[in-house]
Amino acid sequence: MEAPAAAHNPAEPPAEGVNVRITVNSSEQMRELGLHLAKLLRAGDFVMLNGELGAGKTTLTRGLGEGLGVRGAVTSPTFVIARVHPSLGDGPPLVHVDAYRLGGGLDEMEDLDLDVSLSDSVIVVEWGEGKVEELTDDRLNVVIHRAVGDTTDEVRHVTLTGLGERWATTDLSVLAA
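Just so you know, the residues in each chain are numbered from 1, in the order the chain's sequence is written. pLDDT decides what is reported in this predicted model: residues at 70 or higher carry local features, side-chain atom pairs at 80 or more are listed and counted, and totals for whole chains, interfaces and linings draw on all residues regardless. To get the side-chain values, take all heavy atoms of the structure and skip hydrogens and water.

> I'd love a proper account of the overall build of the protein, names of residues and values included.
A tally of regular secondary structure across the protein gives five helices and seven strands. Moving toward the C terminus, one meets the helices and strands of the protein in the order β-α-β-α-β-β-α-α-β-β-β-α. Under the scheme applied here, a residue whose accessible area is under 20% of the maximum for its type counts as buried, over 50% as exposed, and between as partly exposed, the area being computed with a 1.4 Å probe on protein chains only. Counting all 177 residues of the protein, 46% fall into the buried class. What makes two residues a contact is simply this: any of their non-hydrogen atoms within 4.5 Å. Put simply, of all contacts in the protein between residues at least 6 apart along the chain, 66% involve residues at least 24 apart. Accessible area of the protein: about 8,700 Å², with a carbon and sulfur share of 48%. Numbered from the N terminus, helices here are DSSP runs of H or I no shorter than four residues, and strands are runs of E no shorter than two. Residue-level accessible areas treat just the shown protein chains as cover; the underlying method is Shrake-Rupley with a 1.4 Å probe.

> Summarise the nonpolar core; cite the residues concerned and give the values.
By size, the foremost hydrophobic cluster in this structure holds 27 residues, and its most contacted members are Leu 33, Leu 41, Leu 140, Val 142, Val 158 and Leu 160. Contributing elements (two or more residues each) for this core: strand 1 (18-24), helix 1 (27-38), strand 2 (46-51), helix 2 (57-68), strand 5 (122-126), strand 6 (139-146) and strand 7 (156-163). Take this core: its biggest share by element is four residues, from helix 1. If sequence neighbours within four positions are ignored, Val 142 has contacts with Val 47, Met 48, Leu 49, Asn 50, Leu 60, Val 158, Thr 159 and Leu 160. The next biggest cluster of nonpolar side chains, apart from the first, holds eight residues, and it includes Val 95, Val 97, Ala 99 and Val 125. In these notes, a set of buried Ala, Val, Leu, Ile, Met, Phe, Trp, Tyr and Cys residues joined through side-chain atoms within 4.5 Å is what counts as a nonpolar core.

> Would you mind going over the sheet that holds strand 1 in detail, with residue names and values included?
Strands qualify as paired when DSSP identifies two bridges or more between them. Spatially, seven strands are ordered 1-7-6-2-5-4-3 in an open sheet, and the strand pairing comes out mixed. Unpaired on one side and paired on the other, strand 1 and strand 3 (82-85) mark the two borders of the sheet. Across the sheet, the axes of successive neighbouring strands diverge by a mean angle of 15°, strand direction being ignored. In this structure, strand 4 (residues 94-98) lies alongside strand 5, joined through five bridges in parallel fashion. Bridge assignment links His 96 to a residue of strand 5, and that residue is Val 124. Note on geometry: axes are C-alpha line fits, over the in-contact stretch for helices, and angles between N-to-C directions span 0 to 180 degrees. Relative to strand 1, helix 1 is tilted by about 145°, and along the sheet it contacts strand 1, strand 6 and strand 7. Contacts between helix 2 and the sheet are confined to strand 2, strand 4, strand 5 and strand 6, with strand 5 contributing the most and set at about 170° to the helix.

> Account for the pairing of strand 5, with residues named and values stated.
Most of strand 5 is tucked away: five of the five residues are buried. Taking every second residue as pointing to the same face, both faces of strand 5 are buried, with Val 122, Val 124 and Glu 126 on one and Ile 123 and Val 125 on the other.

Structure representation (structure tokens):
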């Protein structure tokens, strides 16, 4: 199975926005990165995850869900396309979308009613590049790069790029500490 074609090299961050690069050495560290990132998120935030198959997108989202305090096990929504995880407290729900099987463009994404949920949820879209950027100018792009081929290397290079007014004043460097 190959990754869908991307508009640019997914290992490179978009040219605009505020970047932070983090090296992650295990799946546990990827989950912990999600826990720390969850502290920066609030209702209305849109996070787009890209990376090769097995890069750790769902593991990162699992940490986000844990950090946000949502109900239900965060697993890959590949076959259901989207899962909503309600908050167990007073925080926002997590909407976890896997756009891998969607053909592209906003037509298919609009069927998921993400724009309705955007203002009161944290929305995380895996494989969203080239498909969901038009939903909002304010988003956090997360690109996870890993070695491909026959390797047991667990090292991941994660680039977080905050785009728009929402992320212009958010210090993403706290995630690298």
